[in-house]
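# A closer look at the structure
So you can see what is in the structure, the chains are spelled out below.
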Amino acid sequence: MAVVADHDRYVRLLLATQDDLRGYCLSLVRTWDDADELFQRTAMVTWEQFGRYDPQRSFARWARGIARNLALKQFRARRRLVQLDGPAIEALDRAFDADDDALDGAEGEQLAALQRCLDGLPAPVRQLLAWRYGENRPIERIATALNRSVAAVTKQLSRLRGTLQDCIAQRLKDVAR
Amino acid sequence: MSELDVAASRYLEGGMEDDERCAFEATLVSDPAVAVAVVRQAKLEARMRRILGVEREQGLAQDETPMTAVSIGVAHSKPRVPGMSGSGRQRSSHRSVRPPRRSVRRRARPALSSGPLMLVTVTLLALGGIVVFSALPEDVGPAPVQLPAFVAVGIDGSLDPARRYPVGTGTALRPDETLTLRSPDGSTTVLSEGAAFRVVAAGASNRLRLDDGRAQCSVTPQGREGGYEIRLRHAEVAVVGTHFTVATGAERSWLRVEEGRVRFTTAKENRILGPGEEAEAGPGVRSSAVVADQAVEEEAPPTVPTPTPVIAPRVVGFALVDAISGDPIRGRESLRDGERITLDPARPVAIVVRIEGPVTQVVIRVDDRQALTESNPPYALLGNPRPEDVEDEAFYPLDLSPGPHHFVVTPHGPDGAAESVTFRIVIEQD
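Residues numbered from 1 in each chain as written. Chains lettered and ligands numbered in written order. Predicted model: local features only at pLDDT ≥ 70, side-chain atom pairs only at ≥ 80, totals over all residues. Heavy atoms only, no water.

A count of helices and strands for chain A gives eight helices and zero strands. Of all 177 residues assigned to chain A, the portion counted as buried reaches 55%. Taking the intrachain contacts of chain A between residues at least 6 apart in sequence as the baseline, contacts between residues at least 24 apart amount to 65%. Surface summary for chain A: the accessible area is close to 7,800 Å², and the carbon and sulfur share equals 51%. (Helix = DSSP H or I, 4+ residues; strand = E, 2+ residues; numbered from the N terminus. Buried < 20%, exposed > 50% of the residue type's maximum accessible area, 1.4 Å probe, protein only. Contact = heavy atoms within 4.5 Å. Areas by Shrake-Rupley, 256 points an atom, 1.4 Å probe, with all protein chains shown as cover.)

And the structure:
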């Protein structure tokens, strides 16, 4: 039963921090294929070492530390895409830590705000985002499907992310009032 | 969106050349705001992938036995988080399982409420593994099952999920509105202006009831079990992979086959028609090679125009769109000849042509001077940037001088040029 309890606690912690951890993996390796692989490896190692986790510490920071070590050791050994040097990774770590503190457990609100912002988008725009982020389609394929240039699609995605950031900020502000 | 965010998103998208990337990474150390921007963008992408990835899985599951995304780790003791795509190598080392139905909570729609994120986990101890089932909010209830449906196709060829027509639903189009529908088997039906329809079956077999108007159908070849049928007022049309046009009204129903073979059934007769053949039925049909169904419909004014067989492409409308995004502008999807358009420099617009039938290219002449050729949809009156152009727009904006302008649009099909259509607009400056 202790194993089950541990498992439940672990899963809760991992799921609560999965976006943070996936984002961190992405910032290290910069492609979603590699980020997904790193994330999965991190999930395995954190589970294996869960007995060593100090519940007084932040799970997100602990998991990021494991992801960082995995990225540096395994990915670099395989000459993969981790090209950041130590100081750059430390800068990212500090920024993720600061974001943790700022969020202070409000991950659910962030996600809910994003969902509502996505729901408010016109169908074709949402379809574009679904192709890119839901199906992980390369921008080149999306551009071909839409008969548009890669640059135009990239810019539109960039603008959409900006629109969503603004929308999320506004919704969180409204909730706080 | 700040410049930093733009740069961070380009960095994460892999859109930077090596030199630019190195310079950007150097600023990660020197400027904490850069790292903050990277974090913001990376987390936004991660969240979008979660929400949109789950929606995609729900969409894929709609025609299948519900198979929830449950996976067991390599050693049956490792967690695996749903929504994780991973590399092919990784996928091959995992296997998906169908969980026992009673022990599994149905995947909830990710339309999050403002409540806390609730976690749902399932442990399949009997399989010796740890299974992470879902990370979706509990308080939104089970997902509504998405029924197979006919779905509207947008100007750019993408499906419009907001306009789905499952069995039992339908609509009557406005006199100036056309609609292209795609059925679950991939068949396409273009409904002409003013047509009225209802979906009778969708999925393994696909059946549409056309109550009024005309429909041009391009049917995906059907398997033995499949089928595509259109029920008209006075006849039924069943097809096995073909192109054909039907029309119906109070007085008569009409069919012309362009390609393939079509079964045309009335109350009294059952015929198979081939390419180039036509059939009619209804009380308004007196002498024809087809059987009239006299039992249907009382006196009513003839509302069905004599349909012209459509083989060549045909211009069916013009729509105003956002030149940057390519999105239709609400309320301006069907422009009238002579339409007045006010240009707003902050929101460039373009006009796209809607064309039915097989198109190879479209030649557009602007004010009797400039001619351009469009080879791929969507067809814009002033064209769109080529893929190699580094342009921000989906279409070249309508940057004509104030005053009247006209366009002559000539679609070309496999058999050459079709009928030209002249379309006039008046540009007004804001």
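Let us look at the overall build of chain B. A tally of helices and strands in chain B yields four helices and 27 strands. Expressed as a percentage of its 430 residues, the buried residues of chain B come to 48%. Accessible surface computed for chain B: about 20,100 Å², of which carbon and sulfur atoms make up 50%.

For alanine 279 of chain B, the location among the structural elements is in strand S18 (residues 278-281). In this structure, the C-alpha to C-alpha distance between alanine 279 of chain B and arginine 256 of chain B, residues 23 residues apart in sequence, is 6.7 Å.

Right, let's get into the side chain of aspartate 367 of chain B. Residues and elements named next belong to chain B. Along the chain, aspartate 367 falls in the loop between strand S22 (361-366) and strand S23 (370-374). Aspartate 367 sits in the buried class, given a relative accessible area of 12%. Of note is the side chain of aspartate 367, whose polar atom sits 2.6 Å from the side chain of histidine 405. Of note is the side chain of aspartate 367, whose polar atom sits 2.8 Å from the backbone nitrogen of histidine 406. Each residue touching aspartate 367, except ones within four places of it in the same chain, is listed here: His405 and His406. (Polar contact = N/O pair within 3.5 Å; in protein donor to acceptor, adjacent residues only side chain to side chain.)

With that settled, the discussion passes to helix H2 (residues 32-48) of chain A. A rise of 1.5 Å per residue sets the reference length of H2 of chain A, with its 17 residues, at 24 Å; its end C-alpha atoms lie 24 Å apart and thus fit the reference within 8%. With respect to burial, H2 of chain A is a largely interior element, 14 of its 17 residues being buried. (Expected span 1.5 Å × (residues − 1).)

The subject of this paragraph is unusual backbone geometry. All names here are of chain A. Of note, asparagine 136 is a non-glycine position whose phi angle comes to about 60 degrees, a positive value. For asparagine 136, a relative accessible area of 23% puts it in the partly exposed group. One non-glycine residue, asparagine 147, lies in positive phi territory at about 60 degrees. Along the polypeptide, asparagine 147 turns up in the loop between helix H7 (139-146) and helix H8 (150-176). Judged by relative accessible area, which is 16%, asparagine 147 ranks as buried.

Another aspect to go through is the environment of glutamate 251 of chain B. Position of glutamate 251 of chain B among the secondary structure elements: in the loop between strand S14 (243-248) and strand S15 (253-259). In the structure, glutamate 251 of chain B is positioned 17 residues away from histidine 234 of chain B in sequence and 8.9 Å away in space, judged by C-alpha atoms.

Our focus in this paragraph is helix H1 (residues 3-12) of chain B. For H1 of chain B, every residue scored as buried is listed here: Asp5, Ala7, Ala8, Ser9, Tyr11 and Leu12 of chain B. Where H1 of chain B ends, the next residue or the one after it, glycine 14 of chain B, has phi of about 75 degrees, a positive value.

What follows is about the packing of H1 of chain B against helix H2 (residues 18-30) of chain B. All names here are of chain B. Orientation of H1 relative to H2, taken along the N-to-C sense of each, is 125 degrees, at an axis distance of 11 Å. The angle between H1 and H2 falls in the class oblique. Remark: the crossing between H1 and H2 carries left-handed chirality. Seen from H1, the contacting residues are Ala7, Ala8, Arg10 and Tyr11; seen from H2, they are Glu20, Arg21, Phe24 and Glu25. Of the residues assigned to the contact of H1 with H2, the class counts are four nonpolar, no polar and four charged. (Axes fitted to C-alpha atoms, helices over the stretch in contact; angles between N-to-C directions. Parallel < 35°, antiparallel > 145°, perpendicular 65-115°, else oblique. Left-handed = near helix turned anticlockwise from the far one by under 90°. Nonpolar A, V, L, I, M, F, W, Y, C, P; charged D, E, K, R; others polar.)

All names here are of chain A. Here helix H6 (residues 123-134) crosses H7 at 150 degrees, and the two axes come no closer than 10 Å. Relative to H7, the element H6 lies roughly antiparallel. Remark: the crossing between H6 and H7 carries right-handed chirality. Here Leu128, Trp131 and Arg132 of H6 come into contact with H7, specifically with Ile139, Ile142 and Leu146. Looking at the contact of H6 with H7 residue by residue, the class counts come to five nonpolar, no polar and one charged.

Turning our attention to the state of the cysteines. Residues and elements named next belong to chain A. Applying the stated criterion to the full structure yields one disulfide over all chains. Two residues share a disulfide in this structure: cysteine 117 and cysteine 167, whose sulfurs sit 2.0 Å from each other. Taking the sign of the S-S torsion, about -95 degrees here, the bridge from cysteine 117 to cysteine 167 comes out left-handed. Within this pair, whereas cysteine 117 is found in helix H5 (residues 107-119), its partner cysteine 167 is found in helix H8, the two being separated by 50 residues in sequence. (Disulfide = S-S within 2.5 Å.)

A separate point is the pattern of salt bridges. Evaluated as defined, the whole model comprises 21 salt bridges over all chains. Arginine 256 of chain B serves as the salt-bridge partner of glutamate 278 of chain B, at 3.4 Å between the closest nitrogen and oxygen. Of this pair, glutamate 278 of chain B sits in strand S18 while arginine 256 of chain B sits in strand S15, and the two are 22 residues apart along the sequence. Glutamate 278 of chain B gets classed as partly exposed once you look at its relative accessible area, which sits at 37%. One salt-bridge network, in which partners are shared between bridges, spans Asp20, Arg61, Arg64, Asp97 and Asp99 of chain A together with Lys43 of chain B. (Salt bridge = Lys/Arg side-chain N within 4 Å of Asp/Glu carboxyl O.)

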